[in-house]
Amino acid sequence: QVQLTESGGGLVQPGGSLRLSCAASGSPFSIDAMGWYRQAPGKERELVADTTRGGSANYPNSVRGRFTISRDNAKNTVYLQMNSLKPEDTAVYYCHVHIAALRHGYWGQGTQVTVSS
């Protein structure tokens, strides 16, 4: 059973930084895409950043230049460094991984990020 363990959320002031981590365990196969999504109250879940196993990254305009995704394949862990945070970044952040060999994606439990003064 693949499990994702997220950490690093919290309360931060506007302009501050946070780093999220997500460790995947239990997969008998290598993990392909890894990414982060977020969902604010009353809004749909949206992509924040994703990365291929080779390290290519993708960001929406709303976070490009402020957020950086990275991964450690040896540890099956993906990170999200968030800088210059804004109140509109407030949301529950979810980790997602895709394992092609299993033809399945998995979600983390979510971690709250609140940007407020």
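Above this note sits the structure.
We now turn to the structure provided with this report. (Residues numbered from 1 in each chain as written. Predicted model: local features only at pLDDT ≥ 70, side-chain atom pairs only at ≥ 80, totals over all residues. Heavy atoms only, no water.)

From N to C terminus, the chain includes zero helices and 11 strands. In the chain, the order of α-helices and β-strands from amino to carboxyl end is β-β-β-β-β-β-β-β-β-β-β. Its C-alpha atoms give the chain a radius of gyration of 14 Å, within 12% of the compact-globule value 13 Å for 117 residues. In terms of overall dimensions, the chain has a C-alpha envelope of 45 × 25 × 25 Å along the principal axes. (Helix = DSSP H or I, 4+ residues; strand = E, 2+ residues; numbered from the N terminus. Rg over C-alpha atoms; globule rule 2.2 N^0.38 Å.)

A word on the pattern of salt bridges. One pass over the full model with this rule turns up three salt bridges. Its salt-bridge partner being Arg38, residue Asp89 comes within 2.9 Å of it at the nearest N-O pair. Within this pair, whereas Asp89 is found in the loop between strand E8 (77-82) and strand E9 (91-99), its partner Arg38 is found in strand E4 (residues 34-39), the two being separated by 51 residues in sequence. For the residue pair Asp89 and Arg38, the accessibility class agrees, reading buried in each case. (Salt bridge = Lys/Arg side-chain N within 4 Å of Asp/Glu carboxyl O. Buried < 20%, exposed > 50% of the residue type's maximum accessible area, 1.4 Å probe, protein only.)

Applying the stated criterion to the full structure yields one disulfide. There is a disulfide in this structure between Cys22 and Cys95, and the S-S distance comes to 2.1 Å. The disulfide joining Cys22 to Cys95 has a torsion of about -80° about its S-S bond and is therefore left-handed. Residue Cys22 is located in strand E3 (residues 18-25), and its partner Cys95 is located in strand E9; the two are separated by 73 residues in the primary sequence. Each of the two residues, Cys22 as well as Cys95, counts as buried. (Disulfide = S-S within 2.5 Å.)

What follows deals with unusual backbone geometry. Unlike most non-glycine residues, Ser84 shows phi in positive territory, near 50°. Relative to the elements of secondary structure, Ser84 occurs in the loop between E8 and E9. For Ser84, a relative accessible area of 41% translates into the label partly exposed. In the Ramachandran plot, Arg103 falls in the positive-phi region, its phi being about 50° despite a non-glycine side chain. Inspection of the secondary structure assignment puts Arg103 in the loop between E9 and strand E10 (104-107).

Bringing the sheet that holds E3 into the picture now. Hydrogen bonds between backbone groups are what pair the strands of a sheet, and the pairing can be parallel or antiparallel. Pairing in this open sheet of four strands is antiparallel, and the strands run E1-E3-E8-E7 from one edge to the other. Since the sheet does not close on itself, it has two edges, and those belong to strand E1 (3-7) and strand E7 (67-72), each with one partner. Recorded for the sheet is a direction-independent mean angle of 15° between the axes of neighbouring strands. As paired strands, E3 and E8 are joined by six bridges and run antiparallel to one another. Across the sheet, Cys22 pairs through a bridge with Val78, a residue of E8. (Pairing = 2+ DSSP bridges. Axes fitted to C-alpha atoms, helices over the stretch in contact; angles between N-to-C directions.)

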